[in-house]
Amino acid sequence: MTLSVWLAVVGAGIGTYAMRLSFLAFADRLADVPPAVQRILRQIPPAALASIVLPALLRPEGQLDLAQSRLVAGVAAGLIAWRTRNVALTLGGGMAVVMLIDLL
């Protein structure tokens, strides 16, 4: 590999390390986050998960398809999660629905 590639790799590593270290160095300042910011920050993980999962459910082949097993299984898993709050049951139920639809 050329020198410029190695410099890019080392530079990216140093930058990543510096960003992580900065959060540790200034963690005491981040301890007192206002309640409004806390409410906003709590919404980030569900939004990120939805942005990853929904395209896979609605457009598995690149085209919108509302009559496919993944979408039905996703809706079923969502209902199971809403009613039971059990992760294992949600995963098992969603997989069971996909397998059942694919068998039919």
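As the structure is a prediction and not an experimental result, all values here were calculated from the model.

A look at the packing of helix 3 (residues 35–42) against helix 4 (residues 44–58)
How two helices pack is summed up by the angle between their axes together with the distance between the axes.
Thought 1: Remark: helix 3 packs on helix 4, axes separated minimally by 5 Å, with the N-to-C direction vectors making an angle of 25°. One finds that helix 3 runs roughly parallel with respect to helix 4. Within the contact between the two elements, helix 3 uses Ile40, Leu41 and Arg42 and helix 4 uses Ile44, Pro45 and Pro46.
Thought 2: Taken together, the residues of the contact of helix 3 with helix 4 sort by class into five nonpolar, no polar and one charged.

Structural notes on the packing of aromatic side chains
Thought 1: What the rule picks out here adds up to zero aromatic pairs.
Thought 2: Above the face of the Trp82 ring, Arg83 is positioned so that its terminal group lies 5.4 Å from the ring centre.

Considering a nonpolar patch on the surface
Thought 1: Residues Met1, Val5, Trp6 and Val9 make up a contiguous nonpolar surface patch of about 430 Å² in total accessible area.
Thought 2: Structurally, the position occupied by Val9 is in helix 1 (residues 3–25).

Considerations on helix 6 (residues 87–103)
A turn of α-helix holds 3.6 residues, and therefore any two residues three or four places apart point the same way.
Thought 1: The end-to-end C-alpha distance of helix 6 is 24 Å, a good match for the 24 Å that 17 residues give at a rise of 1.5 Å each.
Thought 2: Along helix 6, the positions that sit buried rather than exposed are Thr90, Gly93 and Gly94. Looking straight down helix 6, one finds its buried side chains confined to an arc of 100°; they lie on one side. Pointing more than 90 degrees away from the buried face of helix 6 are the exposed residues Ala88, Leu91, Met95, Met99, Leu100, Asp102 and Leu103.
Thought 3: Turning to helix 6, the residues buried within the fold contact helix 5 (69–84).

Side note on the side chain of Ser69
Thought 1: Relative to the assigned elements, Ser69 resides in helix 5.
Thought 2: On the basis of relative accessibility, which here comes to 15%, the residue Ser69 falls in the buried class.
Thought 3: Apart from residues no more than four positions distant in its own chain, Ser69 is found in contact with Val98, Ile101 and Asp102.

What counts and what doesn't
- Numbering of residues begins from 1 in every chain and follows the order in which that chain's sequence is written.
- Per-residue local features are limited, in this predicted model, to residues with pLDDT of at least 70; the limit for side-chain atom pairs, both in listing and counting, is 80 or more; totals at the level of whole chains, interfaces and linings are taken over all residues.
- Where side-chain values are given, they derive from all heavy atoms of the structure, hydrogens and water being excluded.
- To obtain an axis, a line is fitted to C-alpha atoms, over the contacting stretch when the element is a helix, and the angle between two such axes runs from 0 to 180 degrees between their N-to-C directions.
- To qualify as a helix, a DSSP run of H or I must reach at least 4 residues; to qualify as a strand, a run of E must reach at least 2; elements of each kind are numbered from the N terminus.
- An angle counts as roughly parallel when it lies under 35 degrees, as roughly antiparallel when it exceeds 145, as roughly perpendicular when it falls between 65 and 115, and as oblique in every other case.
- Any two residues whose heavy atoms approach within 4.5 Å are treated as being in contact.
- Lys, Arg, Asp and Glu make up the charged group, whereas Ala, Val, Leu, Ile, Met, Phe, Trp, Tyr, Cys and Pro make up the nonpolar group; the residues left over, Gly among them, are polar.
- Ring pairs shown here join Phe, Tyr and Trp side chains whose ring centres sit within 6.5 Å, with only the six-membered ring taken for Trp; geometry is labelled stacked below 30 degrees between planes, edge-to-face above 60, and tilted in between.
- In this scheme, Lys NZ or Arg CZ marks a charge over a ring once it lies within 6 Å of the ring centre and within 35 degrees of the ring normal.
- Each patch is built from residues that are more than 30% exposed by relative accessible area and take part in no salt bridge. Like charges join if they lie within 9 Å; nonpolar side chains (Val, Leu, Ile, Met, Phe, Trp, Tyr) join within 5 Å.
- Values of accessible area rely on a 1.4 Å probe in the Shrake-Rupley scheme; residue burial ignores everything except the protein chains shown.
- Any Lys or Arg side-chain nitrogen found within 4 Å of a carboxyl oxygen on Asp or Glu counts as a salt bridge.
- By this rule, a helix spans an expected 1.5 Å times one less than how many residues it contains.
- Relative accessible area decides the class of each residue, using a 1.4 Å probe on protein chains only: under 20% of the type maximum gives buried, over 50% gives exposed, and in between gives partly exposed.
- The directions considered for the arc are those from the helix axis to the C-beta atoms.

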